[in-house]
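Tertiary structure, described
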Amino acid sequence: MPTENLTHILFSNWQHTLQPFGVDQVAAEKAFNCLVAAYSTPSRYYHTLKHIDHVLSTIQILQGYTNNLAAVQLAAWFHDVVYDTQAEDNEKRSADYAFELLSNLGIPESTITTVTRLILNTKDHQAAVDDYDSQVLLDADLAILATNSVQYPEYAHAIRQEYGWVADADYITGRRQVLERFLQRSRIYFTPLMLEFAEPSARGNIQGEIQSLLSV
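Report on the accompanying structure. Residue positions are given per chain, counting from 1 as you read along its sequence in written order. Given that this is a predicted model, residues contribute local features only at a pLDDT of at least 70 and side-chain atom pairs are listed and counted only at 80 or more, while totals for whole chains, interfaces and linings are drawn from all residues. Note that water and hydrogens are dropped before the side-chain values are worked out from all heavy atoms of the structure.

**As for the overall build of the protein chain**
To keep things clear, this is the line we draw: Each helix is a run of DSSP H or I of at least 4 residues and each strand a run of E of at least 2, with the numbering of both proceeding from the N terminus. Radius of gyration: over C-alpha atoms. The globule rule applied is 2.2 Å multiplied by the number of residues raised to the 0.38 power. Whether a residue is buried, partly exposed or exposed follows from its accessible area with a 1.4 Å probe, protein chains only, as a fraction of its type maximum: under 20%, in between, or over 50%, in that order. By definition in these notes, contact holds between two residues if any of their heavy atoms fall within 4.5 Å. Surface accessibility follows the Shrake-Rupley procedure with a 1.4 Å probe radius. Residue values consider only the protein chains on display as shielding. Only four residue types enter the charge count, namely Lys and Arg as positive and Asp and Glu as negative; His and the chain termini do not. In plain terms, the charge of a residue is placed at NZ if it is Lys, CZ if Arg, CG if Asp and CD if Glu.
Secondary structure assignment for the protein chain yields eleven helices and zero strands. Relative to a compact globule of 216 residues, whose C-alpha radius of gyration would be 17 Å, the protein chain shows 17 Å and is just as compact. Seen through its principal axes, the protein chain has C-alpha atoms that stretch 55 × 35 × 30 Å. In the protein chain, which comprises 216 residues, the proportion classed as buried is 48%. Expressed as a percentage of contacts within the protein chain between residues at least 6 apart in sequence, the contacts between residues at least 24 apart total 66%. On the protein chain, roughly 11,100 Å² of surface is accessible, and the fraction owed to carbon and sulfur atoms is 53%. Each charge class in the protein chain can be summarised by its mean position, and for the 14 positive and 26 negative side chains these summaries are 5 Å apart.

See the structure below:
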């Protein structure tokens, strides 16, 4: 379970994001508890509330690039709410979950439409040139790739734990393919800030993980 301090910080963040929409406090807290439960299931090692906190913190840094900050923040909350490593429709199911919960909270339909679109874009991590909101969400979601020499191995290990049902040889093959696809992209990050300051670290970390996979 998440630490009490992290939960407190995230609840405050959740309330702040919902404030402009005039959401009922009891309903807001109930929805938050549903999110906490979803991100705290035993099968999660990386896609937890700690990941959501990291994504939200990065969005805060990149908020100057957004057109609809609230929608980006809400999408961050829901983008991994359904996470099953044996399924291929997690993003669709997460978007559906967001649609239902946000509708029940009385969030405007236009905002919900944006939120669900942003969530669906996390499937392939691609964003149109003028889709700044998706760019910020995707950069925040992948910010972990540029972390330091302690955090990155912890992330890689947590991902392996989430795929504990996959045999080592199959995991190595699949993970290498995922990582190499990132390296083949002309840019991993979209926003100027992340491209300048995070891109080199991310590429170095990914290359390092590939090397470690090859040496297993």
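Past the structure itself, the notes keep going.
**Focus on the packing of aromatic side chains**
Heads up, the rule is: Stacked, edge-to-face and tilted are the three classes for Phe, Tyr and Trp ring pairs, Trp counted by its six-membered ring, which pair at centre distances within 6.5 Å; planes under 30 degrees apart are stacked, over 60 edge-to-face, the rest tilted. Note on geometry: a ring has a charge over it if NZ (lysine) or CZ (arginine) is within 6 Å of the ring centre and within 35 degrees of the ring normal.
Taken as a whole and judged by the stated rule, the model has nine aromatic pairs. For R160, the ring lying beneath its charged end belongs to Y171, and the centroid distance is 4.3 Å.

**Remarks on helix 6 (residues 109–120)**
Our working definition: A helix is expected to reach a length of 1.5 Å times the quantity of its residues less one.
Its twelve residues give helix 6 an end-to-end C-alpha distance of 17 Å, which sits within 8% of 16 Å, the value for a rise of 1.5 Å per residue. Those residues of helix 6 that sit buried are T111, I112, T114, V115, T116, L118 and I119.

**Topic: unusual backbone geometry**
Excluding glycine, residues mostly carry a negative phi; peptide bonds, for their part, are mostly trans. The backbone phi angle of H125 is positive, close to 50°, even though this residue is not glycine. If you trace the backbone, H125 turns up in the loop between helix 6 and helix 7 (132–141).

**Considering the side chain of T147**
Applicable threshold: A 3.5 Å cut-off defines polar contacts: any pair of N or O atoms within that distance qualifies, except that in protein one atom must be a possible hydrogen donor and the other a possible acceptor, and neighbouring residues in sequence count only when both atoms are side-chain atoms.
Looking at where T147 falls in the secondary structure, it is placed in the loop between helix 7 and helix 8 (151–162). A distance of 2.6 Å separates a polar atom in the side chain of T147 from the backbone oxygen of I144. Leaving out residues up to four positions away in the same chain, T147 has contacts with H54, Y152 and N205.

**What to know about the environment of G204**
Along the chain, G204 falls in helix 11 (residues 199–214). For G204, a relative accessible area of 36% puts it in the partly exposed group. Between the alpha carbons of G204 and L183 there is a distance of 9.6 Å; along the sequence they are 21 residues apart.

The values are spatial; any link to function lies outside them.
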